[in-house]
Every structure is written in C-alpha cells, then in structure tokens.
Amino acid sequence: MQPKFPSDSITTLTDIVLPGETNPLNNLFGGELLARMDRAASITARRHSRRICVTASVNHVAFNKAIPLGSVVTVESKVSRAFNTSMEIFIDVWIEDRESGIKSKANEAIYTFVAVDETGSPTAVPQVDPQTELEKQRFEAALRRKQLSLVLAGKMKPHDATELKALFL
C-alpha cells in the first residue's frame, strides 16, 4: 500500500495577459488558458508522484469570467485525489483587479494525469490525505467523477458505480 501524503502541494503560476494571447474582444484566448492550466497541473502531478506525468483527460473546464488584456492571472493547481496510477488535479484560476489588487476567482478546471515510468508504462502514485474541508469535499467528489467518466467510456457498468448510485438513493 502506498503511503498517504497531505494534499499540501500546490502549484501557483502567475503571469500577465499580453496582446498576442487575446481574442478580438481583447480577452485571453480559451486555448491559452487551457495551456496554462495544463502546465500548472503537470507540475503538481509531477511533484506529487515524483514521476513523469502525462495528461490523461480534461474532465471539466468552466470559463466563468473573461480575462481581459493586461490582467494578472494566477493559476493554482492541487491534487484532489490520487487513485492507483492517476491523479485528479483541481485547478482554480484567479484574476487580480488592476487597481485594488483584490483577487477574484475567474475559472476552474479538473484534469487527470497518469504517472509513468521510463518506458511509458503507468506506475503507482502516493495517495492523498485531505486536511481542509474543501480538500475533503473535492476528494470525495473525485471518486464520483471518476466513476461517471468510466461509465460514460463503457469501462464500468452503471450498477457498479456505487458512489454515483448513492447520490440517487
């Protein structure tokens, strides 16, 4: 059994939105934000597993707020749950008000990464021991999200998705 680690490894990437990264409305391209989130999540997965990690899926992305040209953007990523060889990474995107300096949440995403060995084969990762209430909520929800993904991919029978079924009983 793999040891459990507190989910305290957080990656924070802060950058400014430049003109070449914006759409005709002068807001950050969605694809540019996805790339920033992928980089932060990749660093988080590698720090947690101490292995090479590859993006397995982008499970959820919410573009809730446009990010204007010149904005200071902070992408925070953290392992919400580790499974056998995969890790769910929860990403929060913050923008900083230019005048007040107050940060507000703009977007969020959930990525899945798989740790691999030197030959590219999946390898075991340490488990996560959530500490805060938010970490515990994200940890519990991760299993439901994984089961839903497996059911939709045809890799799990709906009647075997016990965590999902519990939501409806």
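Structure: above.
Criteria and cut-off values
Residues numbered from 1 in each chain as written. Predicted model: local features only at pLDDT ≥ 70, side-chain atom pairs only at ≥ 80, totals over all residues. Heavy atoms only, no water. Helix = DSSP H or I, 4+ residues; strand = E, 2+ residues; numbered from the N terminus. Rg over C-alpha atoms; globule rule 2.2 N^0.38 Å. Buried < 20%, exposed > 50% of the residue type's maximum accessible area, 1.4 Å probe, protein only. Contact = heavy atoms within 4.5 Å. Areas by Shrake-Rupley, 256 points an atom, 1.4 Å probe, with all protein chains shown as cover. Phe/Tyr/Trp six-rings, centres within 6.5 Å; stacked < 30°, edge-to-face > 60°. Lys NZ or Arg CZ within 6 Å of the ring centre and 35° of its normal. Salt bridge = Lys/Arg side-chain N within 4 Å of Asp/Glu carboxyl O. Pairing = 2+ DSSP bridges. Axes fitted to C-alpha atoms, helices over the stretch in contact; angles between N-to-C directions.

(A) Quick peek at the overall build of the chain. Each helix and strand counted, the chain has 3 helices and 7 strands in total. Here the C-alpha radius of gyration of the chain, 17 Å, is about what a compact globule of 169 residues would show, namely 15 Å. For the chain, the spread of C-alpha atoms along the principal axes amounts to about 50 × 40 × 30 Å. Within the chain, the proportion of its 169 residues that are buried is 36%. In the chain, the share of contacts with a sequence separation of at least 24, taken over all contacts with a separation of at least 6, comes to 67%. Counting only carbon and sulfur atoms, one obtains 55% of the accessible surface of the chain, whose full area is about 9,500 Å².

(B) Fine view of the packing of aromatic side chains. A full pass over the atoms with the stated rule returns 1 aromatic pair. Here the guanidinium or amino end of Arg81 rests over the ring plane of Phe139, the centre of that ring lying 4.0 Å away. Its end group placed over the ring of Phe90, Arg138 keeps NZ or CZ at 3.5 Å from the ring centre.

(C) Representation of the pattern of salt bridges within the structure. Counted under the stated rule, the structure contains 9 salt bridges. Residue Arg36 pairs with Glu21 through a salt bridge whose shortest N-O separation is 2.9 Å. Separated by 15 residues along the polypeptide, Arg36 in helix H1 (residues 30-49) and Glu21 in the loop between strand S2 (10-16) and H1 bring together distant segments of the chain. As far as the burial class goes, Arg36 and Glu21 line up, both buried. Across the pair Asp92 and Arg138 runs a salt bridge whose closest N-O atoms are separated by 3.2 Å. You can see Asp92 sitting in strand S5 (residues 86-96) and its partner Arg138 sitting in helix H2 (residues 133-152), a full 46 residues away along the chain.

(D) Structural context of the sheet that holds strand S3 (residues 52-63). Taken in spatial order, the 5 strands of this open sheet run S2-S4-S5-S6-S3, and their pairing is antiparallel. The sheet is open, and its two edges are formed by S2 and S3, each paired on a single side. The sheet shows a mean angle of 25 degrees between the axes of neighbouring strands, direction not considered. Two strands pair when backbone bridges link them, and S2 and strand S4 (residues 72-82) are joined in this way by 7 bridges, in the antiparallel orientation. Within S4, the residue paired with Ile16 across the bridge is Val72.

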